[in-house]
Amino acid sequence: MADWEFAHIEFLFALIVIPFLVGWYVYKYWNRQPVLSFSTSSFLGSVKPLKARLVHLPIVLRLIALSVIIVAIARPQSSSSWQDIKTEGIDIVLAVDISSSMLARDFEPNRLEAAKEVAVEFIKSRPNDRIGLVVYSGESFTQCPLTTDHEKLINLFKDIKNGMITDGTAIGMGLANAVNRLKESDAKSKVVVLLTDGENTAGSIPPITAAEIAATYGVKVYTIGVGTMGQAPMPIPDMFGRIRMQMVDVNIDEESLEKIADLTGGKYFRATDNEKLMNVYSEIDQMEKTIIEETQYEKKYEQFLPLALTALGLLLFELLIRKFYLKSLIADV
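None of these values were measured; they are calculated from a predicted model. (Residues numbered from 1 in each chain as written. Predicted model: local features only at pLDDT ≥ 70, side-chain atom pairs only at ≥ 80, totals over all residues. Heavy atoms only, no water.)

## As for the sheet that holds strand S10 (residues 268-271)
The cut-off we apply is this: For two strands to pair, DSSP has to find at least two bridges joining them. Helical segments are the DSSP runs of H or I of at least four residues, strand segments are the runs of E of at least two, and each set is numbered from the N terminus. The axes are straight lines fitted to the C-alpha atoms, using for helices just the contacting stretch, and the angles between their N-to-C directions are given from 0 to 180°.
Overall, mixed pairing links the six strands, which are arranged S5-S4-S3-S6-S7-S10 in an open sheet. The sheet is open, and its two edges are formed by strand S5 (140-147) and S10, each paired on a single side. The average angle at which neighbouring strand axes cross in this sheet is 15°, direction not considered. Relative to strand S6 (residues 190-196), strand S3 (residues 91-97) runs parallel, the two sharing six bridges. Within S6, the residue paired with valine 93 across the bridge is valine 192.

As structure tokens, this is what we get:
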């Protein structure tokens, strides 16, 4: 009954009459019984103890039946429900700069590892999206095509490192490669998150040309410039192969990154430390929400008939008890 709903719950207030009927019965019963005093009760042995104990059973059955009838009139209904869930994910390609300058230590432990750590958390937060990974330096290649197998994607993401390809910063090539992965997508929203810490110094495709291609295919590009303001400590090997820290200028082509974002309907972000980089990905996550539609279905089942039959059975049982088994002890109530 805990899962029932009542179509006419107001009828349940009629149950308040039950305690009054109990009181009326008790009053009537005790005031109509003659009281006699005897010196012995041995002659009462002909009254069967069981019958004496069941003398109030008919009224109990009648009151239970009345309660059941009231509940039945309130039209109890059980229900079963189910959902149709429609998920409309977003196709996202992360384009990550892995040039040597990404080893600068103005982020902990360095720019590249910080970018990997934050991007992995971003991937985990978007289980319904297809996500791919493109890396670029002096040239570009696809580390992972669009996939919903995020565990595989994360493992491949963790494997990226500086030195996998020729050094340099081919921003245009990285973006063009990412767009190429999305151009055949039929997703409602196609997004590239392009991360770099420098200026375009390599590749055959200028960044703005790649942005125009992205706009043609309806790909939105969010650009992220990573690096502190001014100078950053960079590990540089000396002539003996020993790593020494040297302060180098941080040069990010923010003008181009802003233009790329504007041309494609995206947004440019500047992250100067780990926390701000995390906030950038959180903001992108909020702006590009996956659409999840839930349709709730519910079917109700009337429970009136089982209760009505129960009440009828109780009344019939009460009648049989009253007219046959207890006939000699009680009068009609």
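## With respect to unusual backbone geometry
Note on backbone geometry: most residues besides glycine have negative phi, and most peptide bonds are trans. Formally: Buried residues are those whose accessible area, probed at 1.4 Å on protein chains only, stays under 20% of the maximum for their type, while exposed residues exceed 50% and partly exposed ones sit between those limits.
In this structure, the amide linkage connecting glutamate 108 to the following residue, proline 109, adopts the cis form with an omega of -5°. Following the sequence through the fold, proline 109 ends up in the loop between S3 and helix H4 (111-124). You will see that arginine 75, though not glycine, has its phi angle at about 55°, which is positive. Inspection of the secondary structure puts arginine 75 in the loop between helix H3 (57-73) and strand S2 (76-88). Of the residues examined, arginine 75 reaches a relative accessible area of 31% and is grouped as partly exposed.

## Topic: a nonpolar patch on the surface
Note the following rule: Nonpolar side chains (Val, Leu, Ile, Met, Phe, Trp, Tyr) within 5 Å and like charges within 9 Å form the patches, drawn only from residues with over 30% relative accessible area and no salt bridge. For every accessible area listed, the method is Shrake-Rupley and the probe measures 1.4 Å; residues are considered covered only by the protein chains on display. Think of a salt bridge as a Lys or Arg side-chain nitrogen and an Asp or Glu carboxyl oxygen that are within 4 Å of each other.
Residues Phe304, Leu305, Leu309, Leu312, Leu316 and Leu319 make up a contiguous nonpolar surface patch of roughly 580 Å² in combined accessible area. Inspection of the secondary structure assignment puts leucine 319 in helix H10 (residues 304-325).

## With respect to the packing of helix H7 (residues 207-216) against helix H8 (residues 254-264)
Stated formally: Roughly parallel refers to an angle under 35 degrees, roughly antiparallel to one over 145, roughly perpendicular to one between 65 and 115, and oblique to any angle outside these ranges. Note: crossing handedness is left-handed where the near helix turns anticlockwise from the far helix by less than a right angle, and right-handed where it turns clockwise. Working rule for contacts: check all heavy atoms of both residues, and any pair within 4.5 Å makes them a contact. Under the grouping applied here, Gly and all other residues not named as nonpolar or charged are polar, the nonpolar ones being Ala, Val, Leu, Ile, Met, Phe, Trp, Tyr, Cys and Pro and the charged ones Asp, Glu, Lys and Arg.
It is the contact of H7 with H8, at a shortest axis distance of 8 Å, that shows an interaxial angle of 15°. Taken together, the axes of H7 and H8 are roughly parallel relative to one another. You can see that H7 and H8 cross each other, and the crossing is right-handed. Every residue of H8 that contacts H7 at Pro207, Ile208, Ala211, Glu212, Ala214 and Ala215 is listed here: Ser256, Lys259, Ile260, Leu263 and Thr264. Each residue belonging to the contact of H7 with H8 can be placed in one class, and the counts come to seven nonpolar, two polar and two charged.

## Observations regarding the nonpolar core
Taken as a class, soluble globular proteins show a tendency for nonpolar side chains to be buried jointly. Test applied: By convention a nonpolar core is built from buried Ala, Val, Leu, Ile, Met, Phe, Trp, Tyr and Cys residues, the set being connected through side-chain atoms within 4.5 Å.
Core analysis: the biggest nonpolar cluster contains 36 residues, and Leu94, Leu133, Leu195, Ile224, Leu277 and Tyr281 have the highest contact counts within it. Taken together, the elements giving at least two residues each to this core come down to S3, H4, strand S4 (130-136), helix H5 (150-159), S6, strand S7 (219-226), S10 and helix H9 (274-287). Considering each element in turn, this core owes the most residues, eight residues, to H4. Aside from chain neighbours lying at most four places away, what touches leucine 94 is Ala119, Phe122, Ile123, Ile131, Gly132, Leu133, Val134, Phe157 and Val193. Of all hydrophobic cores here, the second largest spans 27 residues; its members include Ile171, Ala176, Leu194 and Val219.

## Digging into H5
We apply this condition: It is the directions from the helix axis to the C-beta atoms whose arc is reported.
Buried residues of H5: His150, Leu153, Ile154 and Phe157, and no others. Seen end-on, H5 carries its buried residues on one side only, within an arc spanning 100°. Turning to H5, the residues buried within the fold contact S3, H4, S4 and S5.

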